[in-house]
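Residue-level structural notes
Chain residues, written in single-letter form:
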Amino acid sequence: MTASPDALPPVDDFEAIRPYNDDEVVDTLARLVRNDEFIDTITRYRLPKLARVAPRVARALARHGLRRAVRNIHTVSDFQNHISHYMARMIQNTTNTFSVEGLEHLDQQKAYLFIGNHRDIALDPAFVNYALYHSGRSTVRIAIGDNLLQKPYVTDLMRLNKSFIVPRSARGKRAMLAAYQQLSNYIRHSIVDDNHPIWLAQREGRAKNGVDRTDSAIIKMLGMARRMKDKDASVNDTIAELRIVPVSISYEFDPCDQQKARELKARHDGTAYEKIAYEDILSIAAGITGHKGRVRLVFGTPLTGDQDNYDSAAQEIDRQVLNNYTLFPSHYLALEATGHAPELVDVNNITPADRQAFNKRLEQVPEDLRPWWLCQYANPVLNRAGRDPL
């Protein structure tokens, strides 16, 4: 019997959303080497001058270099080992410090569902992975929205790096329900059956205004899989088996802060904000290459299953994320610049160099965007104090 053309895949069929397996790595890398658009992207970043004056030569050199770079990569682990060298170089070149806390309190033999605040499309989970990798733990499977997969080569790169696809483009209630049931099943399957960790953002999209809040609908989605197997399962049991660990990542400076400010202003003014072509991909590149100052990553403690509803689970994630968030001088200086809540501005640990670096960055922001730029940095201070955001 032939299936209906609009039939939905079974919710336990993960073929379309899962990361690539080891036996798919070599073919995927060969496809990337052949992809002219991917090669041109490499030349723009690695050989910008040559790409302008002699694009064919630049493309040939980039393709040859890529072919050499991937010739000994045969597994996902090989690929991530290769990436770790670039990650180390990025940390050295674009951060002042990168520190990690809390990981030592987590059982190395258990898989956790890491739910983190979301500031950067690619770097939030990349820093989590880097910390896990250097502690000898398994790296995470990363939830990534299908809206980011606008190019075949981006899809290949993400799925090679253990990303699985979150459906945001499904249309119709039936399709959306099936897609989220499938997603919930995959996440539960990873944690419970594969004992493989997951990284998931606490909300859809980056917190562009600096306000970190967990969407309780995401926590409810996570419970779908357990409820499908046992309709009488309690929220406590559902939460406990997923071993949810809140994660806080804090950046002293956000390489995408001006782009976020433009979007915030447009929305405030009632102007439709339209992304430029491949803006998300450009944001990924800007996040990787831009200066970040100090970066701190803190792993919280697993939710115990004492929550009797999904809202209370979301509130516990928020509590840990906010308590473990690092307030850098940039946050206090931004709040000071707004003139709001001067009693919350702690200048004790702010050096003249901190103030100089902040002012230099602020001077680069167009005047009309400054209120929206400042609120991104000021709001975490207000969040911590339980005040309303700007």
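Everything below is about the structure printed above this text.
Definitions and limits used
- Residues numbered from 1 in each chain as written.
- Predicted model: local features only at pLDDT ≥ 70, side-chain atom pairs only at ≥ 80, totals over all residues.
- Heavy atoms only, no water.
- Helix = DSSP H or I, 4+ residues; strand = E, 2+ residues; numbered from the N terminus.
- Buried < 20%, exposed > 50% of the residue type's maximum accessible area, 1.4 Å probe, protein only.
- Axes fitted to C-alpha atoms, helices over the stretch in contact; angles between N-to-C directions.
- Left-handed = near helix turned anticlockwise from the far one by under 90°.
- Contact = heavy atoms within 4.5 Å.
- Nonpolar A, V, L, I, M, F, W, Y, C, P; charged D, E, K, R; others polar.
- Pairing = 2+ DSSP bridges.
- Phe/Tyr/Trp six-rings, centres within 6.5 Å; stacked < 30°, edge-to-face > 60°.
- Salt bridge = Lys/Arg side-chain N within 4 Å of Asp/Glu carboxyl O.

Another aspect to go through is the environment of Ala277. Looking at the element boundaries, Ala277 is found in the loop between helix H12 (257–268) and helix H13 (279–289). Ala277 sits in the exposed class, given a relative accessible area of 57%.

A separate point is the packing of helix H1 (residues 25–34) against helix H7 (residues 152–160). The interhelical angle for the contact between H1 and H7, taken along N-to-C directions, is 150 degrees, at an axis separation of 10 Å. Handedness of the H1/H7 crossing: left-handed. Touching Val25, Thr28, Leu29, Arg31 and Leu32 of H1 are Tyr153, Asp156, Leu157 and Leu160, all from H7. Grouping the amino acids of the contact of H1 with H7 by side-chain chemistry returns six nonpolar, one polar and two charged.

Attention now moves to the sheet that holds strand E1 (residues 95–101). The strand order E1-E7-E6-E2-E5-E3-E4 describes an open sheet built from seven strands, whose pairing is mixed. In this open sheet, the two strands that pair with only one neighbour each are E1 and strand E4 (163–166). Within the sheet, the average angular offset between the axes of one strand and its neighbour, ignoring direction, is 25 degrees. With four bridges connecting them, strand E2 (residues 113–116) and strand E6 (residues 244–251) associate as parallel partners.

Summed over the entire model, instances satisfying the criterion amount to 11 aromatic pairs. Ring centres of Phe253 and Tyr377 lie 6.2 Å apart, and the angle between their planes is 65 degrees; this geometry places the pair in the edge-to-face category. In this pair, Phe253 sits in the loop between E6 and H12 while Tyr377 sits in helix H17 (residues 370–384), placing the two residues 124 residues apart along the sequence. On the basis of an interplanar angle of 50 degrees and a centroid distance of 4.8 Å, the ring pair of Trp373 and Tyr377 is categorised as tilted. One end of the pair is Trp373 and the other is Tyr377, both in helix H17 and four residues apart, which spans about a single turn. Pair check on accessibility: Trp373 and Tyr377 agree, each one buried. Three or more aromatic residues joined by ring pairs make a cluster, and in this case those are Phe98, Phe127, Tyr130 and Tyr251.

Moving on: the pairing of E2. On E2, burial covers both faces: Leu113 and Ile115 on one face and Phe114 and Gly116 on the other are all buried. In this sheet, strand E5 (residues 198–201) lies alongside E2 in parallel orientation, the contact comprising four bridges. The partner of Leu113 across the bridge, within E5, is Ile198.

Glancing now at the pattern of salt bridges. Pairs can form between side chains of opposite charge once their charged atoms are near each other. Scanning all chains against the criterion turns up 25 salt bridges. A salt bridge links Arg59 to Asp40, with the nearest nitrogen and oxygen atoms 2.8 Å apart. With Arg59 in helix H4 (residues 55–70) and Asp40 in helix H2 (residues 36–46), this pair connects stretches of sequence that are 19 residues apart. According to the relative accessible area criterion, Arg59 is partly exposed, its value standing at 28%.

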